[in-house]
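Listed below are the residues making up each chain.
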Amino acid sequence: MVDNWVGELIYEGKAKRVYKVNDELLIMEFKDEVTAFDGARKEHAPGKGRLAAAQTVFFMQLLGKYGIRNHLVDWDGDRKILVKSLRMIPIEVIVRNYAYGSFLKRMPLVKPLTKFRKPLVEFHLKSDELHDPLITTDDIIEAGLVNYGQLNEIINTALRVNSILSEFMASRGLTLVDFKLEFGFDKSGNIVLADEISGDTMRILINGRHLDKELFRKGASALDLVRAYEEMNRLLNIP
Ligand code: C5P
């Protein structure tokens, strides 16, 4: 798809760089870095970029098989993926199966790791300055980010992604606690699943042990995190 996997650097975040290839395509490069607490804790994590790229490719391809439209086009087999250029919707869509993380902070009346009667879907505005505040569906509509029909499509897609990933993980003995998705519009106005799906963007437990970035948030080293991602990839047969 691309000959040399290079483009013009247009964005650098904490864990990824984005390069423009042309008007249609971008390259997302996963860095060998792990950060937590808005970047306050940061460590070099050799090998993590490739592991997170492989996870993203694997999950996007799995979801694609179930008809979930997503931005993945190609993978260089290492730290870079080629994706469709989209007009991103500046919200994080979080699906929760069990009570954890920021849910417990705002709702301490629920015991940690309680299984919800049905998965919760919530929205956060993407804003480093405001620390990604929780927002309501009315806020989203009022701000004109999407219309009602589009919001429903996003919610239904997020729930379908949850069913597919939860079932897949369960069949391998893993529990999907929660995860974050991002969406964008393609040139035809379709809503497309974008960004990454990896240990950085989900919480996954095996016998009560994390195989995701929560390890690092809880004080584990970057090396331990890389080992956990390797274990996840082994368990899920991710190349
Ligand atoms: O911290 P919180 O409980 O809201 O996170 C819910 C899920 O969303 C977790 O799996 C976390 O890894 C993911 N998340 C993310 N990016 C963020 C915030 C949360 O991937 N900026």
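Everything quoted here is computed from the prediction, not taken from an experiment.

### Digging into the packing of aromatic side chains
In step 1: Considering all chains together, one arrives at three aromatic pairs under this definition.
In step 2: With 5.5 Å between their ring centres and 50 degrees between their planes, F58 and F168 make a pair best called tilted. Within this pair, whereas F58 is found in helix 1 (residues 48-65), its partner F168 is found in helix 4 (residues 148-171), the two being separated by 110 residues in sequence.
In step 3: By relative accessible area, which is 12% here, F168 ends up buried.
In step 4: Pairing F103 with F116 gives two aromatic rings, centres 4.9 Å apart and planes at 75 degrees, and the pair type is edge-to-face.

### Things to note about the environment of L113
In step 1: If you trace the backbone, L113 turns up in the loop between helix 2 (101-106) and strand 10 (115-125).
In step 2: Measuring from C-alpha to C-alpha, the distance between L113 and L63 comes to 26 Å, with 50 residues separating the pair along the chain.
In step 3: Apart from residues no more than four positions distant in its own chain, L113 is found in contact with Y98, A99, Y100, V177 and L205.

### Structural notes on the UniProt feature "domain: SAICAR synthetase/ADE2 N-terminal" (unreviewed entry) in the protein chain
In step 1: The UniProt record marks residues 9-222 with the feature "domain: SAICAR synthetase/ADE2 N-terminal" (unreviewed entry), using the residue numbering of this structure.
In step 2: Measuring from the first to the last C-alpha atom of residues 9-222 gives 26 Å, for a span that is 28% helix and 36% strand.

### Considering the nonpolar core
Burial of nonpolar side chains together is a common tendency in soluble globular proteins.
In step 1: F59, F123, L181, L193 and I197 are the most contacted members of the largest nonpolar core, which has 52 residues in total.
In step 2: Apart from the residues lying within four places of it in its own chain, the contact partners of L181 are I91, E92, V93, A158, V161, L193 and I197.

### Comments concerning the site of the ligand
In step 1: Within the structure, the ligand sits among 15 residues, and R96, S102, D178, R203 and R217 are positioned closest to it.
In step 2: Contacts to the ligand include S102, whose side-chain N or O atom sits 2.5 Å from an oxygen atom.
In step 3: Here an oxygen atom of the ligand and a side-chain polar atom of R203 are 3.0 Å apart.
In step 4: Protein burial of the ligand: of its 450 Å² of free accessible surface, 81% is covered by the chains.

### Notes on the sheet that holds strand 7 (residues 80-84)
In step 1: Strands sit in the order 1-2-3-7-6 across an open sheet of five strands; the sheet is antiparallel. The outermost strands of the open sheet, each flanked by one partner alone, are strand 1 (8-12) and strand 6 (72-75). Sheet twist, expressed as the mean angle between neighbouring strand axes with direction ignored, is 30 degrees.
In step 2: Here strand 6 runs beside strand 7; their pairing, made up of three bridges, is antiparallel. Considered in strand 7, the bridge of D74 is made with L82.
In step 3: With respect to the sheet, helix 1 is in contact with strand 3 (25-30), strand 6 and strand 7, its orientation differing from that of strand 6 by roughly 135 degrees.

### Considerations on helix 6 (residues 222-235)
For the α-helix, the turn length of 3.6 residues means that residues three or four positions removed from each other point alike.
In step 1: Taking 1.5 Å of rise per residue, the 14 residues of helix 6 would be expected to cover 20 Å, and the 20 Å separating its terminal C-alpha atoms lies within 8% of that figure.
In step 2: Here helix 6 has its buried residues at A222, L225, V226, A228, Y229, E231, M232 and N233.
In step 3: Its buried side turned inward, helix 6 meets strand 4 (33-36), strand 5 (41-44), helix 1, strand 14 (202-206), strand 15 (209-210) and helix 5 (214-217).
In step 4: The first or second residue beyond helix 6 is N237, which carries a positive phi of 60 degrees.

### Here's the deal with empty space enclosed by the protein
In step 1: Taken as a whole, this structure holds one cavity of 30 Å³ or more when the rule is applied.
In step 2: A volume near 40 Å³ is recorded for the largest cavity.
In step 3: Lining the largest cavity are A15, F30, K31, K48, G49, A52, E196 and D200.
In step 4: The biggest single contributor to the lining of the largest cavity is helix 1, with three residues.

What counts, and at which threshold
Numbers given to residues run from 1 along each chain, matching the order in which its sequence is written. With the structure being a predicted model, the display of local features is reserved for residues of pLDDT at least 70 and the display and counting of side-chain atom pairs for 80 or more, all residues being used for whole-chain, interface and lining totals. To obtain the side-chain values, all non-hydrogen atoms of the structure were included, while hydrogens and water were left out. Side-chain rings of Phe, Tyr and Trp (the six-membered ring for Trp) are treated as a pair once their centres are within 6.5 Å; stacked means planes under 30 degrees apart, edge-to-face means over 60, and tilted covers the remaining angles. Where helices and strands are cited, they refer to DSSP runs of H or I of at least four residues and of E of at least two residues respectively, numbered from the N terminus. Only protein chains enter the accessibility calculation, which uses a 1.4 Å probe; a residue is then buried when its area is under 20% of its type maximum, exposed when over 50%, and partly exposed in between. Any two residues whose heavy atoms approach within 4.5 Å are treated as being in contact. UniProt positions are given in the numbering used here, feature names are shortened, and annotations may be inferred rather than shown by experiment. Note on terminology: a nonpolar core comprises buried Ala, Val, Leu, Ile, Met, Phe, Trp, Tyr and Cys residues joined through side-chain atoms within 4.5 Å. What makes a residue near a molecule or strand is one non-hydrogen atom of that residue sitting within 4 Å of it. For this analysis, a polar contact is any N or O atom pair within 3.5 Å, provided that within protein one partner can donate a hydrogen and the other can accept it, and provided that sequence-adjacent residues contribute only side-chain to side-chain pairs. The method behind every accessible area is Shrake-Rupley, applied with a 1.4 Å probe, and residues are considered shielded solely by the protein chains displayed. Two strands qualify as a pair provided DSSP detects at least 2 bridges between them. Angular values range over 0 to 180 degrees, each being the angle between N-to-C directions of two axes fitted as lines to C-alpha atoms, with helices fitted over their stretch in contact. Working rule for helices: expected span equals 1.5 Å times residues minus one. Computed over the protein atoms alone on a 1 Å grid, cavities are sets of points where a 1.4 Å probe fits but cannot get out and pockets are open sets with protein on both sides within 12 Å along at least five of seven lines; a residue lines them when it has an atom within 4 Å of a point. Grid points are joined across faces, edges and corners, and a volume is the space filled by probe spheres set on the points.

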